[in-house]
Amino acid sequence: MTAENIKRVQVGNKGKNIRSDCFFEIELTNSGGIQLQSNSKVEVMYGKSNKKLISDILQYFDIENASILFEDSGALPFVIAARLEAAIKLLIDSDKEYLLPMLEQNQKPTTREQHRFSRLYLPGNTPSLMMNAGIHNPNALILDLEDAVAPEKKHEARFLVRNALRSLNFYGAERMVRINQGERGLVDLEFVVPHSVNLVLVPKVELPEHIRAVNEKIKSLQFALKQKNPIWLMPIIESAKGVVHAYQIAICSENISSIAIGLEDYSADLGVRRTAEGTESFFARTTLVNAAVAAGIQAIDSVFSDIADLEGLKQNVQISKSLGFNGMGCIHPRQIRIIHENFAPDQLEIEKAKKISLAFKAAKEKGLGVVTLGTKMIDAPVVKRAEKVIQLAIDMGKIPSNWADLLAEEKA
Amino acid sequence: MRTSTKMKKYDKLVTNAAGRIVPEIINGEQHIAFQGVGKYKPSGRKHAPAIPSCVDYPADGNKLIPSLKEALIKSGLRDGMTISTHHHFRDGDIIANQIFDIAHELGIKGLRWFPSASFPCHVHLIPYLEDGTIQRIEGSMNGALGRFCSEGKMEGVGILRSHGGRYQAIQDGEVQIDIAVIAAPSADAFGNANGVNGAAACGLLGFALGDSQYADKVIVVTDNLVPFPCVPFQIHGNYVDFTVLVDKIGDPEKIVSGTTQITKSPDRLLIAEMTAQFCEEAGIVQDGFSYQAGAGGTALSIGIYFAEMLRKKGWKARFIRAGSNQYPVKMLEEGLVDYILDGQTFDLEGVRSLRENSAHLATSPFTSYNYHSKGNFASMVDVVILGATEVDVNFNANVVTHSDGVLLHGIGGWQNCLFSKCTILPIPLFRDRIPVIVDSVTTLCGPGELIDVIATERGIAINPRRTDLIEKLKNSNLPIKTIEELKAEAEAICGVPDKPEFTDEIVAAIKWVDGTIIDVVRKIKRSIEQQ
């Protein structure tokens, strides 16, 4: 799209079922100043402040003459700013960006190891689904620029995702973005890397080279901005070829925290139907888990797409956990709790882990080199696993952190 | 009888006990300004209708008149009269519109329409408000009627009352009904009527009870005439002057509305779950407890969570005060509750249960809400779940206007329900960027002293007056916040909203449950179309 031959553009969404979004139709004119026609659902409450925001942005991009139609269904300022800037950038060439202040809590880095049981996908061009996503307490929110955004909306979605990374309250969830494949994905990075994204999901990875290209781009962007915050990568394996290269992909870079599988595309690649039992993807899933464990990173399972079937989801999570996965994607907030509850250690696991942990402590206090539980000898890796289970149970609120003291008190 | 158009619509402005400026004369009639909760207690005798004599009515009990028009003429329909209707048919009502079609055809002017509520279908009446057939509405004004009133287009000043307040106004003579028209899904020629049978079955007819007892003339209109006796007698034929058989009294699909589904919105479900958990932690949910929850999606979901809690503990609620529908009915049939005390029935499952189950009881504004009763049910309920369009930092709430100042809803039983032992308003912290918590509500409908808890998806605020609840929840995992904190949180996301601008002109008065005026609605400054 060249700026010279486009005079009139439309950006955003309007209509009866659209909420928390807005729509701009802008035509650059040669004279007459700014002619703004505003139809806002919240005109009485926010008409004045919206007009000021629009005028500030126009001034920032030196637009003096334009005819503008603004249809507003209750969009927040960061949405309005994203829509308007997306429209302006279709009309003029400018390197400038209109950035709203970054929320303080959005600058927090995350760690490689932190829990990623649930990651809620949010369509990158749908503001109404973003507003309250964080209050459902997923481990992460994914602003999706790939499959959830239609090709003709990719341009405007980038501005919305960029502004959301700065202005949307994630309520402590890790801040993830799924970029597009290939060249388009590299451009996506320009909109997310400078804005403190925690983790980038790279779709349809088949070879380590795909990850290298993404990392080079991230590095060059971070170098230019003198940013040093970690940006983790989660390659998504979605093809037979990707599964074959899973381990090479998993170890190809230090900033890979996890590796995920996408079963819709994988099943299509095999030319089979995706079933609830998942027999057709058993090899792929176990291969992925094995590669992840070998590489020392997290293995993440595919989403469960029937949002009404919470019982089916539960079974799915239990299978997923038993195969060795550390988390799974979700596409509806209602799935989050089921995922957490079923990835969390169950009562049996917790009790066993407690016994092992106590036996280990007792042996250490007595200066014994060998830990035994009943008549069984316990190896170091088993103790380590038990400690992991206990930590997880504490993190997920299943047991208090002072469980051992409480137990001792009870006995006394 | 007709109010002169030259007379001032209202007069004698005073500041009431809530600090709102209200008129003491409205539409030429004397009213009393709000004096505080529980302060106003009128003396004297209740209003009574004219004394009838049975000899004036057909001994064979056949009061059938060939048409509604003739019945209205025989009832003495003339300029300036007060005509009442009920809203059990909700958006499927046909009869109210027909009454005013007839009045218009007869050239009658200056009528006061006194419905127990209005619905979008009544947009049909706007031309009659414009041409003076109807002088004013005293009742809820929803949607288009609310806008019409807010824009100052109604000839008289509208008066909004709660369901209980409507009964109070009928009983103390504040509103004297000339003709009550009661559309009944099932009736006999004598006038006995009910809502449990017939094509337009709507469950019960409690909102028409006071009208039948106190109106000078009572017309029962039905499309399902059965031989005497029509049982149960929800409306007693002994109050009825004329009966009319017509082809159709209502649109069944719109009578049982589609709103009685639990919410699918994850955000609303979260609010519902937090509210239910709050009630559990506060010790409100217990064996033998009682609650009232409306027919909105969030309220229904709270009922589902309550049912789960009862099931898990092996407990049973004593009664549910309801607008009933399939969900409380399921609880009744599962043995999770002893009784449903039903005020209006929202779906066919509710109608079936009311018809078949002796533990599903029809109530009326008299039993549930009435101010001039020797007590009422509302104050005996352990917890009530209500909505609001706005709440202010003093817990005062608004249910009739939106934050843009436009009158859009009626009061319903909302004010009356505030007298329960615990009133909780589960509401989203903002709707489409419009924060729900404000400095001061646009229109005061319920004083903050009666509102205990505001539950939002981002936190729960307990009224500082409820130190008992604050104490019980002090170690809770629930996000308990102050109302000021919640307000600040919404404004950090949405921005601080501007206030709507009004003219000085009063277009409607809001009554408190005792008949005093708690607030008014003023004409909005800008026309809606200009937005």
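K.L.:
Give a detailed account of helix α4 (residues 154–167) of chain A, specifying residues and quantitative values.
P.N.:
All names here are of chain A. Taking 1.5 Å as the rise per residue, α4 with 14 residues should run 20 Å; its terminal C-alpha atoms sit 20 Å apart, in good agreement. Burial analysis of α4 places 11 of its 14 residues in the buried class, which makes it a mostly covered element. Within the sequence span of α4, burial applies to Glu156, Ala157, Arg158, Phe159, Leu160, Val161, Arg162, Asn163, Ala164, Leu165 and Ser167. Along its buried surface, α4 packs onto β1 (8–12), α2 (77–91), α3 (127–130), β6 (140–144), β7 (174–178) and α5 (182–192).

K.L.:
Mind laying out the interface of chain B and chain A, listing which residues take part and the relevant values?
P.N.:
The partner chain A presents 21 residues to the 18 residues of chain B that form the contact. Secondary-structure elements contributing two or more residues to the side of chain B that touches chain A are α8 (266–281) and α15 (483–494) of chain B. At 3 residues, α8 of chain B tops the list of elements feeding residues into the side of chain B that touches chain A. Partitioned by chemical class, the residues of the side of chain B that touches chain A number 7 nonpolar, 4 polar and 7 charged.

K.L.:
Go over the sheet that holds strand β24 (residues 437–438) of chain B, please, and point to the residues and values.
P.N.:
All names here are of chain B. Ordered in space as β20-β19-β24, the 3 strands form an open sheet in which the pairing is mixed. The open sheet has two edge strands, β20 (397–398) and β24, and neither has a second partner. Where strand β19 (residues 390–392) and β20 come together, 2 bridges link them in antiparallel fashion. The residue of β20 that forms the bridge with Val391 is Ala397.

K.L.:
Tell me about the pairing of strand β12 (residues 217–222) of chain B, and name the residues and values.
P.N.:
All names here are of chain B. Of all 6 residues that make up β12, 6 are buried, and the element is covered over most of its length. Both faces of β12 are covered, namely the face carrying Lys217, Ile219 and Val221 and the face carrying Val218, Val220 and Thr222. Of the strand pairs in this sheet, strand β9 (residues 179–184) and β12 are connected by 6 bridges, and their pairing is parallel. Looking across to β12, one finds that Ile182 is bridged to Val220. Summarising the sheet, β12 and strand β13 (residues 242–245) pair through 4 bridges and their orientation is parallel. Bridge pairing in β13 places Val220 opposite Thr243.

K.L.:
Mind laying out the nonpolar core, listing which residues take part and the relevant values?
P.N.:
With 266 residues, the main nonpolar core has Val200, Ile259 and Leu288 of chain A together with Ile182 of chain B as its most contacted residues. Top element by residues in this core is α2 of chain A. It accounts for 9 residues. With near-sequence residues (within four places) excluded, Ile259 of chain A lies in contact with Met234, Pro235, Ile237, Ala246, Ile249, Ala250, Leu288, Ala291, Ala292, Ile297, Ala299 and Ile300 of chain A. By size, the runner-up hydrophobic cluster in this structure holds 9 residues, among which are Ala353, Phe360, Val389 and Ile399 of chain A.

K.L.:
Please set out the packing of helix α9 (residues 297–313) of chain B against helix α10 (residues 326–334) of chain B residue by residue, giving values where relevant.
P.N.:
All names here are of chain B. Running from N to C, α9 and α10 point in directions that differ by 15 degrees, and their axes come no closer than 10 Å. Relative to α10, the element α9 lies roughly parallel. α10 is crossed by α9, and the crossing has left-handed handedness. Contacts from Leu300, Gly303, Ile304 and Ala307 in α9 reach Tyr327, Pro328 and Met331 in α10. Residues belonging to the contact of α9 with α10 are distributed by class as follows: 6 nonpolar, 1 polar and no charged.

K.L.:
Go over the environment of Glu351 of chain A with me, naming the residues and quoting the values.
P.N.:
Residues and elements named next belong to chain A. Within the secondary structure layout, Glu351 lies in helix α13 (residues 347–365). With 11 C-beta atoms packed within 10 Å, Glu351 lands in the exposed category. Along the chain, Glu351 and Phe223 lie 128 residues apart, while their C-alpha atoms are 49 Å from each other.

K.L.:
So, the domain arrangement of chain B: which residues are in play, and what are the values?
P.N.:
Residue and element names in this part refer to chain B. Here the domain parsing of chain B yields domain 1 (65–256 + 503–523) and domain 2 (266–494). Using only C-alpha atoms to locate each centre, domain 1 and domain 2 end up separated by 28 Å. Contact with domain 1, which involves 41 residues of that partner, is made by 36 residues of domain 2. Elements represented by at least two residues in the side of domain 1 that touches domain 2 include exactly α4 (143–150), α5 (163–171), α6 (209–214), β28 (502–511) and β29 (517–524). It is α5 that contributes the most residues to the side of domain 1 that touches domain 2, 7 residues altogether.

Each value, and the rule that gives it
- Residues numbered from 1 in each chain as written.
- Chains lettered and ligands numbered in written order.
- Predicted model: local features only at pLDDT ≥ 70, side-chain atom pairs only at ≥ 80, totals over all residues.
- Helix = DSSP H or I, 4+ residues; strand = E, 2+ residues; numbered from the N terminus.
- Expected span 1.5 Å × (residues − 1).
- Buried ≥ 20, exposed ≤ 12 C-beta atoms within 10 Å, placed from the backbone.
- Contact = placed C-beta atoms within 7 Å.
- Nonpolar A, V, L, I, M, F, W, Y, C, P; charged D, E, K, R; others polar.
- Pairing = 2+ DSSP bridges.
- Core = buried A, V, L, I, M, F, W, Y, C linked by C-beta atoms within 7 Å.
- Axes fitted to C-alpha atoms, helices over the stretch in contact; angles between N-to-C directions.
- Parallel < 35°, antiparallel > 145°, perpendicular 65-115°, else oblique.
- Left-handed = near helix turned anticlockwise from the far one by under 90°.
- Domains from an automatic or database assignment.

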